[in-house]
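The primary structure of each chain is shown beneath.
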Amino acid sequence: MQLFRAHVLVCGGTGCTSGGSQEIRARLEREIQANNLENEVKLVITGCHGLCEMGPLVIVYPEGTMYTHVQPDDAAEIVSEHLLKGRIVQRLLYKEPMTEEQVPHYGDLPFYKKQHRVVLSNCGYINPEVLEEYIARDGYAALAKCLGEMTPEEVIEEVKKSGLRGRGGAGFPTGLKWSFCRNAPGEPKYVVCNADEGDPGAFMDRSVLEGDPHRLIEGMLIGAYAIGASEGYIYCRAEYPLAVKRLKLAMKQAEEAGLLGDNILGTDFSFHLHLKEGAGAFVCGEETALMASIMGERGMPRPRPPFPANSGLWGKPTNINNVETWANIPDIIRRGGEWFASMGTEKSKGTKVFALTGKVQNTGLVEVPMGITLREIIFEIGGGVPNGKKFKAVQIGGPSGGCLPESQLDLSVDYESLTAAGAIVGSGGLVVMDEDTCIVDVARFFLSFTRAESCGKCTPCREGIKRMLEVLDRIANGEGKMEDLELLERTALVIKNTALCGLGQTAPNPILSTLRYFRDEYVAHIQDKKCPAGVCTNLLTYSIQPELCRGCTACAKVCPVGAISGEIKKPHVIDTEKCIKCGACMEKCRFGAITLG
Amino acid sequence: MSGCACGNSGPQYPELEEILARYAGQRGALIPVLQEVQAAYGYIFEDAIVRIAEALGIPATSVYGVATFYAQFHLKPRGRHVVRVCQGTACHVRGAAKILAAVEKELGIKPGETTEDLRFTIEPVACLGCCGLAPVMMVNDDTHGRLTPDKVAEILAAYE
Ligand SMILES: Cc1cc2nc3c(=O)[nH]c(=O)nc-3n(C[C@H](O)[C@H](O)[C@H](O)COP(=O)(O)O)c2cc1C
Ligand code: FES
């Protein structure tokens, strides 16, 4: 194997790719060749590093120097300065937002310091399109251990010992689920990977699929061996074209290497894996709907029991797990269930990947031990709310989750505490909201999502969500009554108790949690006819502050309905009758003369 | 199955036949077949529904039922470029509604519609999975992040 004096990692995740990382890679390659360094320096395109906010990212090893916001034109300088002369390109280093201090080392960044990367340990380090790179980081060692030294029962025992719980939302103990399926009568058995990742604001599974696809395949192989399954499906959402491409490639490589197919690693264990692309329906993330979709039907959930473990794909025993659940398995087998159980809290073990987004300084993916507080994630890792704004709420767990206020930030992040507080761990989306976010609008946002995605099979979900949304629309338009709050609560509880599947049962959560913590804001909309955050357009009017207006006419030109008039160089006025409240004028004004209230 | 009336022998939709032949006898083939037909023809046309039903041995109503259940399938022709404007949570709190409005204004159509010259279709989606770049839109397979309403026109102009 050729030895290189330096490695240059260019992030090829979706975020950095959209920022031009392919062009950066090409330019780096040219510069490396131009300086005759191709035998000394290896250029690697990797999966996502998680700190998408700072992309495109380039990392140089052995030093571990991280360059942020790299542009193609920076390639020459990185090569001539860093790789030739050993001098770090200061201006491209990460700057601490508070102190403006430059941080040269990847590991010293506050964003990474508190993280503990297991599932994401390879993401950003290896080239996901090269099987050997996964193997070089102990890839497929756990599979070899299972096939060589462990009985299927021992594998299940190890997973039970780890305390791993499903990362797809419900948090069901994985080892137990596997044993149900193993003990269920019927042949053949199937294992399925749920890679539908439909929660808006969540992209952790995407990162594993794009950045470390072999880890998922290895996890599924181990599960199949433990359960006694001979066939498997990965159900991946079609909105992730890069993930689909990398999975297909990884599956082909694994087949060629004898890691998938018949007689794996020379044993009598055989496993065939198929990839199915989703077709754009959120409800297909629900396991029974997902199976219907794999079988080519409309993706509608059905009542459980029977559970998939007894009657799943084509009526056979089937075990479904989420991407992140599967991705934890290789490390659990290799390092032992006890090692895994040493991280986290009493009932929630291991680490969890969260997608930290919204109004937060460092958006990106973070993997942290369970039991960490929300405050640590948002303020220490995430760097807090940008632009000096005030934190208002964090929404956890997507459309099935809830909004928590400042007072709940010291809560331990684990399945039980979050549920008790009215949110859920869910898939792991954390959307931070600041004072400019309206809580009623957020509740409306989630309900419009679940209304659109409801499959329509059961009445509480199909009709109930629609009714709740009508009430919220009323409140947002300033036509709400105080009784509406009670009506919302009552309807929410009925839906929660009677809907057929998880979609409907959890759809009221965003309403219930916001009513619990942010009732004042609802009341302000109803009684004072005011939207404190300035979002609900029907409760707002735009106006021009005459003392600030310079009469530049920019606002009048951009107004789509001609509602702004005035002479050049004289203060303008807005005709509130004509105004459609699009906000275009406010964005255009360079003098901050247009206000909303 | 019939040839067309134009006098040429051979199937009327050779690509459709080729797709169906590849999936012959496979279980759960309906969705992948629809995906490939849509990729080949741009949308699921009526004759295709009838022919797929015949080939897979299921009622045409089931094919129609599946094709209309999933957001991905379209029964009408679509634009050459599909603009997917993210309306997910992270994008929502960072101003996605204004991006969608800017796209609508630029193209003069509403979400779900196609421009008359078949150049663009607007499709709102909930989360494109790159929330770190919010607000985001995708044009075909290209992701455009950190958008502001005034960048929209320039981005769209690059797609002929
Ligand atoms: C409406 C709805 C959407 C869901 N979406 C997903 C999803 O996108 N990804 C996922 O892994 N699980 C999703 N789930 C949870 C699955 O039904 C199932 O619990 C999970 O795949 C089990 O895997 P786990 O035990 O590894 O968590 C969803 C559930 C519901 C009710
Ligand atoms: S919310 Fe827009 S990309 Fe996720």
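Calculation notes
Residues numbered from 1 in each chain as written. Chains lettered and ligands numbered in written order. Predicted model: local features only at pLDDT ≥ 70, side-chain atom pairs only at ≥ 80, totals over all residues. Heavy atoms only, no water. Contact = heavy atoms within 4.5 Å. Buried area = accessible area lost by both parts, 1.4 Å probe. Salt bridge = Lys/Arg side-chain N within 4 Å of Asp/Glu carboxyl O. Polar contact = N/O pair within 3.5 Å; in protein donor to acceptor, adjacent residues only side chain to side chain. Helix = DSSP H or I, 4+ residues; strand = E, 2+ residues; numbered from the N terminus. Buried < 20%, exposed > 50% of the residue type's maximum accessible area, 1.4 Å probe, protein only. Domains from an automatic or database assignment. Pairing = 2+ DSSP bridges. Axes fitted to C-alpha atoms, helices over the stretch in contact; angles between N-to-C directions. Expected span 1.5 Å × (residues − 1). Parallel < 35°, antiparallel > 145°, perpendicular 65-115°, else oblique. Left-handed = near helix turned anticlockwise from the far one by under 90°. Nonpolar A, V, L, I, M, F, W, Y, C, P; charged D, E, K, R; others polar. 1 Å grid on protein atoms, 1.4 Å probe; cavity = no way out; pocket = protein on both sides within 12 Å on 5 of 7 lines; lining within 4 Å. Points joined across faces, edges and corners; volume = space filled by probe spheres on them. Patch = residues over 30% accessible without salt bridge, like charges linked within 9 Å, V, L, I, M, F, W, Y side chains within 5 Å. Areas by Shrake-Rupley, 256 points an atom, 1.4 Å probe, with all protein chains shown as cover. Near = heavy atom within 4 Å. Sits in = over half its atoms within 2 Å of the grid points.

Points about the interface of chain B and chain A
In this assembly, 36 residues from chain B lie in contact with 52 residues from chain A. When residues of chain B are sorted by the area they lose upon contact with chain A, Arg-27, Phe-69 and Thr-89 of chain B head the list and together hold 19% of the total. Summed over the shared surface of chain B and chain A, the number is two salt bridges. Residue Glu-53 of chain A pairs with Arg-94 of chain B through a salt bridge whose shortest N-O separation is 3.8 Å. Where chain B meets chain A, there are 21 residue pairs in polar contact (both at pLDDT 80 or more). Listing elements by their share of the side of chain B that touches chain A, those giving two or more residues are α2 (30-41), α4 (60-69) and α5 (89-93) of chain B.

Thoughts on the pattern of salt bridges
Residues and elements named next belong to chain A. Applying the stated criterion to the full structure yields 47 salt bridges over all chains. With a closest N to O distance of 3.4 Å, Glu-129 and Lys-245 form a salt bridge. A residue pair is termed long-range when its members are at least 10 positions apart, and Glu-129 in the loop between α4 (110-113) and α5 (131-136) and Lys-245 in helix α11 (residues 241-256) qualify at 116 residues. Classification of Glu-129 as partly exposed rests on a relative accessible area of 26%. In this structure, Arg-467 engages Glu-470 in a salt bridge whose closest nitrogen and oxygen atoms are separated by 3.0 Å. A residue pair is termed a helical-turn pair when its members lie 3 or 4 positions apart in one helix, as Arg-467 and Glu-470 do in helix α18 (residues 459-476) at three residues.

Focus: the domain arrangement of chain B
For chain B, the domain assignment lists domain 1 (9-69) and domain 2 (81-157). For domain 1 of chain B versus domain 2 of chain B, the distance between C-alpha centres works out to 30 Å.

Quick look at the domain arrangement of chain A
Residues and elements named next belong to chain A. For chain A, the assigned domains read domain 1 (6-109), domain 2 (131-341), domain 3 (351-434), domain 4 (439-528) and domain 5 (541-596). In this structure, domain 2 and domain 3 have C-alpha centres spaced 27 Å apart. Both sides of the domain 2 and domain 3 interface together cover about 1300 Å² of buried area, and 57% of this is carbon and sulfur. Taken as a group, Arg-167, Phe-203 and Met-204 account for 38% of the area that domain 2 buries against domain 3, more than any other trio of residues on that side.

A few points about the sheet that holds strand β12 (residues 364-369) of chain A
Residue and element names in this part refer to chain A. Taken in spatial order, the five strands of this open sheet run β12-β11-β15-β13-β14, and their pairing is mixed. Taken across any chain shown, the strands that pair with only one partner, and hence form the sheet edges, are β12 and β14 (402-405). Each strand axis lies, on average, 30 degrees off the axis of its neighbour in the sheet, ignoring direction. Alignment of strand β11 (residues 351-358) against strand β15 (residues 429-434), held across four bridges, turns out to be parallel. Among the inter-strand pairings, Gly-358 is bridged to a residue of β15, identified as Val-432.

Observations regarding helix α10 (residues 213-227) of chain A
Residues and elements named next belong to chain A. In a regular helix each residue adds 1.5 Å, so 15 residues correspond to 21 Å; α10 covers 21 Å between its end C-alpha atoms and thus fits that length. Of all 15 residues that make up α10, 15 are buried, and the element is covered over most of its length. Gly-228 lies just past α10 and shows a positive phi near 90 degrees.

Describing the sheet that holds strand β3 (residues 58-61) of chain A
All names here are of chain A. Pairing in this open sheet of four strands is mixed, and the strands run β2-β1-β3-β4 from one edge to the other. Two strands in the sheet have a free side with no partner beyond their single neighbour: β2 (41-46) and β4 (65-67). Adjacent strand axes in the sheet meet at a mean angle of 20 degrees, parallel and antiparallel pairs treated alike. Here helix α2 (residues 21-34) sits on the sheet in contact with β1 (6-11), β2 and β3, set at roughly 170 degrees to β2. Strands in contact with helix α3 (residues 75-85) are β1, β2, β3 and β4; relative to β4, the strand with the most contacts, it is inclined by about 170 degrees.

As for the side chain of Thr-121 of chain B
Residue and element names in this part refer to chain B. Positionally, Thr-121 belongs in strand β2 (residues 120-125). Classification of Thr-121 by relative accessible area gives buried; the value is 2%. Separated by 2.6 Å, the side chain of Thr-121 and the backbone nitrogen of Gly-79 make a polar contact. In this structure the side chain of Thr-121 is engaged in a polar contact, spanning 3.0 Å, whose partner is the side chain of Thr-114. Once residues within four sequence positions are removed from consideration, Thr-121 is found in contact with Arg-78, Gly-79, His-81, Val-82, Val-83, Glu-113 and Thr-114.

Overview of helix α13 (residues 323-335) of chain A
Residue and element names in this part refer to chain A. Most of α13 sits inside the fold, with eleven of its 13 residues counted as buried. All buried positions along α13 are accounted for by Val-323, Glu-324, Thr-325, Trp-326, Ala-327, Asn-328, Ile-329, Pro-330, Asp-331, Ile-332 and Ile-333. The opening residue of α13, the one whose side-chain oxygen lies 2.7 Å from the backbone nitrogen of Glu-324, is Asn-322. Immediately beyond the C-terminal end of α13, within one or two residues, lies Gly-336, with a positive phi of roughly 95 degrees.

Considerations on the packing of helix α7 (residues 152-162) of chain A against α10 of chain A
Residue and element names in this part refer to chain A. Interhelical geometry of α7 versus α10 gives an angle of 120 degrees and a closest axis separation of 7 Å. Judged by the inter-axis angle, α7 sits oblique to α10. For the pair α7 and α10, the sense of crossing is left-handed. Between α7, through Pro-152, Val-155 and Ile-156, and α10, the contact on the second element is made entirely by Ile-222, Tyr-225 and Ala-226. In terms of residue class, the contact of α7 with α10 is built from six nonpolar, no polar and no charged.

Describing empty space enclosed by the protein
Residues and elements named next belong to chain A. The final tally for this structure, using the stated rule, is six cavities of 30 Å³ or more. Empty space within the largest cavity amounts to approximately 120 Å³. Around the largest cavity sit 19 residues that line it, and Thr-14, Gly-15, Cys-48, Cys-52 and Phe-203 are the ones nearest its centre. If you list the elements that add at least two residues to the lining of the largest cavity, you get α1 (14-18) and α9 (204-211). Classifying every residue of the lining of the largest cavity gives nine nonpolar, eight polar and two charged.

A word on a nonpolar patch on the surface
Residues and elements named next belong to chain A. A cluster of nonpolar residues, Phe-172, Leu-176 and Phe-180, forms a patch on the protein surface that exposes about 260 Å² of accessible area. Within the secondary structure, Phe-180 is located in helix α8 (residues 174-183). The exposure class of Phe-180 is partly exposed, given its relative accessible area of 43%.

Observations concerning the site of ligand 1
All names here are of chain A. Close to ligand 1 lie 18 residues; Gly-168, Lys-177, Asn-321, Asn-322 and Thr-325 are nearest. In the environment of ligand 1, an oxygen atom lies 3.0 Å from a nitrogen or oxygen atom belonging to the backbone of Glu-287. Starting from 610 Å² of accessible surface for ligand 1 in isolation, the protein chains cover 89%. Using a 2 Å cut-off from the grid points, one finds that ligand 1 occupies the second largest pocket. In terms of residues, the shell around ligand 1 owes the most to one element, strand β10 (residues 318-322), which gives three residues. Across the shell around ligand 1, the residue classes break down as three nonpolar, nine polar and six charged.

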